[in-house]
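One letter stands for each residue in the lines below.
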Amino acid sequence: MTKVHRLPLKALDATTSSWEHGPLVSSRPYMSKMLMGDPTLQKQLLDSLEQLDSQTIIGTDESTFDFADFPYEPIYNPENDPLWIQIKLEAKHTIEIEPSSGPQLFTNILSQPSLLGAITSIVSHEIATQLIPATSLQNLFLEMLHPVKDAKAISLDIMASAMRSPSSVDGTALHAILFNQGLHALVCHRLAHRLWEKKRTGLAYYIQSTVSRKFSTDIHPAARFGSGIFLNAGSAGVVIGETAIVDNDVTILQGVTLGGTGKERGDRHPKVKARAILQQSCSVLGNIEVGEGAIITAKSIVTKPVKPYTKVSGVPAKFESNVEIGKISQGSYRDNDVLDKDWRMHPETRELGERIEQLLETHSIFLLNNDAERVQGATSGTP
């Protein structure tokens, strides 16, 4: 059975930026902090997961099937996405504690047929104009986005927004899908990119322009993105050029520029490999490669290639240190995982939580990114 690649975790310490630990959760299933802290909510989640028929996701019996020989696309079933199950439960619980949120959550989440339908409905209403109303925009989203490839990529983007933020308040998928502007900008870019691929360049530029005004995020429609991207857009703005390629599980904070030097034509923008972290207001200029797991610190200007798992800093950026990949001294990586230790510390939530964790891993295995897909995404640019 093909194993999902997981980076080992190390305990956080006060001297290390919390952003640097974001990629450590990039290959783990999303587990809702809202649901995992309450035994009653855990039971609801467990019941929903146990109702999933694994054959509708996997396609056959795990014990007798050679996963390595099975094509990737048909396996992921958006209707049985465990992330979507958790988001709906989060919405129901939020209505219970805050009834006034009912109309918004029912309209945007509970009445929607799928996660893709929900996120495209929300985003369509945000970028609607008199020229193209929300209903027409959502129809365009559903027409152009691939029902498996793009649905998977968006699911991973939502997980990245929920799990990679250092904020303890914002770390739910429900919050991300409703309010995260960087996530919404990414969803819009995926539409613009599909339009660009179909030679509908005028409409692609229109989406880019509208998103730039709405979210301060200017991404050329031709730029290629993997999945599991964390984009922390804000008033500082993000600019990504035409020939840029961003691989899976990359973290991009506010103010980042992936641009050209002005001295090149054609392929002139950076290529950012998997798990790289681009911190606040850094600029990467030219057709250069930012290696896998590299970190570019805030306000640095990079004009030369960055080696994998190194940290660069300054103007111009220079080597600062190697990036440590966490080491496990004993036991499972979860023993040192500060991200979900709260529910593990209480007997009433630990037993149910461990069962939920097993089911999430079973049903999410083909949703999560793995090394083979990273290579494919890096070479083809296919989301």
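Predicted model, so just to flag it, every value in this text is computed and none were measured. (Residues numbered from 1 in each chain as written. Predicted model: local features only at pLDDT ≥ 70, side-chain atom pairs only at ≥ 80, totals over all residues. Heavy atoms only, no water.)

### Some thoughts on helix α5 (residues 102-110)
The cut-off we apply is this: Only protein chains enter the area calculation, which uses a 1.4 Å probe; residues under 20% of their type maximum are buried, those over 50% are exposed, and those in between are partly exposed. Secondary structure follows DSSP: runs of H or I at least 4 residues long count as helices, runs of E at least 2 residues long count as strands, and numbering of each begins at the N terminus. To obtain the arc, one takes the directions from the helix axis to the C-beta atoms. Here a residue-residue contact requires only that any non-hydrogen atoms of the pair lie within 4.5 Å.
Among the residues of α5, Gly102, Leu105, Asn108 and Ile109 are the ones counted as buried. When α5 is viewed along its axis, its buried side chains cluster within an angular range of 155 degrees and face the same direction. Residues of α5 that are exposed and point more than 90 degrees away from the buried face comprise Pro103 and Phe106. The secondary structure elements touched by the buried residues of α5 are α4 (82-97), α6 (115-127) and α9 (173-179).

### Re the sheet that holds strand β2 (residues 224-225)
What counts, and what does not: Note on pairing: DSSP must find at least two bridges between two strands before they are called paired.
If you walk across this open sheet you meet the four strands as β2-β5-β8-β11, and the pairing is parallel. Single-partner strands in this sheet number two, and they are β2 and β11 (289-290). Pairing between strand β8 (residues 271-272) and β11: two bridges, direction parallel. Bridge assignment links Val272 to a residue of β11, and that residue is Val290.

### So, the packing of aromatic side chains
To keep things clear, this is the line we draw: Note on aromatic pairs: the rings of Phe, Tyr and Trp (six-membered ring only in Trp) are paired at centre separations within 6.5 Å, and the planes decide the class, stacked below 30 degrees, edge-to-face beyond 60, tilted for the rest.
A complete count under the given rule lists one aromatic pair for this structure. Their ring planes at 85 degrees and their centres at 5.4 Å tell us that Trp196 and Tyr205 sit as a pair that is edge-to-face.

### Here's the deal with unusual backbone geometry
The omega angle of the peptide bond from Val315 to Pro316 is -5 degrees, so this bond is cis rather than trans. Mapped onto the elements, Pro316 comes out in the loop between β14 (310-313) and β15 (318-322). For Ser216, which is not glycine, the phi torsion reads 55 degrees and is therefore positive. The topology assignment puts Ser216 in the loop between α11 (201-215) and β1 (217-219). By relative accessible area, which is 29% here, Ser216 ends up partly exposed. Even without being glycine, Arg275 reaches a positive phi, approximately 70 degrees. Structurally, Arg275 can be placed in the loop between β8 and β9 (277-278).

### Remarks on the sheet that holds β14
Pairing is mixed across the open sheet formed by six strands, whose spatial order is β3-β6-β9-β12-β14-β15. On the outer flanks of this sheet lie β3 (230-231) and β15, each paired with one strand and no other. Sheet topology places β14 next to β15; four bridges connect them, and they run antiparallel. The residue bridging Lys311 from the neighbouring strand is Ser321, located in β15.

### Quick notes on helix α7 (residues 134-144)
Three or more residues of α7 are buried, namely Ala134, Leu137, Gln138, Leu140, Phe141 and Met144. Looking straight down α7, one finds that the buried residues subtend no more than 155 degrees of arc, so they occupy a single side. Those residues of α7 that are exposed and angled more than 90 degrees off the buried face are Thr135 and Glu143. Buried positions along α7 lie against α6, α8 (149-163), α10 (181-197) and α11.

### Considerations on the nonpolar core
The following threshold applies: The term nonpolar core refers to a set of buried residues drawn from Ala, Val, Leu, Ile, Met, Phe, Trp, Tyr and Cys, joined through side-chain atoms within 4.5 Å.
Ile109, Ile158, Ile177 and Ile252 are the most contacted members of the largest nonpolar core, which has 73 residues in total. For this core, the element with the highest residue contribution is α10, accounting for nine residues. Setting aside anything within four residues of it in sequence, one finds Ile158 in contact with Leu83, Ile87, Leu115, Ala173, Ala176, Ile177 and Leu183. Judged by nonpolar contacts, the second largest core, of 14 residues, contains Leu35, Leu45, Leu49 and Ile356.

### Quick notes on the pairing of β14
With two bridges joining them, strand β12 (residues 295-296) and β14 adopt parallel strand pairing. In the strand pairing of β14, Ile295 is matched with Lys311. Between β14 and β15, which pair antiparallel one after the other, the connecting turn spans four residues, and Gly314 there sits at a positive phi close to 110 degrees.

### Quick notes on the pattern of salt bridges
For clarity, the threshold we go by: The term salt bridge refers to a pairing of a side-chain nitrogen on Lys or Arg with a carboxyl oxygen on Asp or Glu at a separation within 4 Å.
Enumeration over the complete set of coordinates arrives at 10 salt bridges. Glu197 is the partner of Arg194 in a salt bridge, and the nearest nitrogen-oxygen pair spans 2.9 Å. Separated by three residues within a single helix, Arg194 and Glu197 lie in helix α10, roughly one turn from each other. What makes Arg194 buried here is its relative accessible area of 10%. Via salt bridges that share partners, Asp150, Arg194 and Glu197 belong to a single interconnected network.

### Things to note about the confidence of the model for the protein
Quick reminder of the rule: Residue-level confidence of the predictor is what pLDDT reports, using numbers from 0 through 100.
For the protein, the mean per-residue pLDDT works out to 80, and 75% of the residues sit at or above 70. Here residues 371-383 is modelled with pLDDT under 50, and outside its nearest four sequence neighbours on either side it reaches 31 contacts, counting other chains as well.

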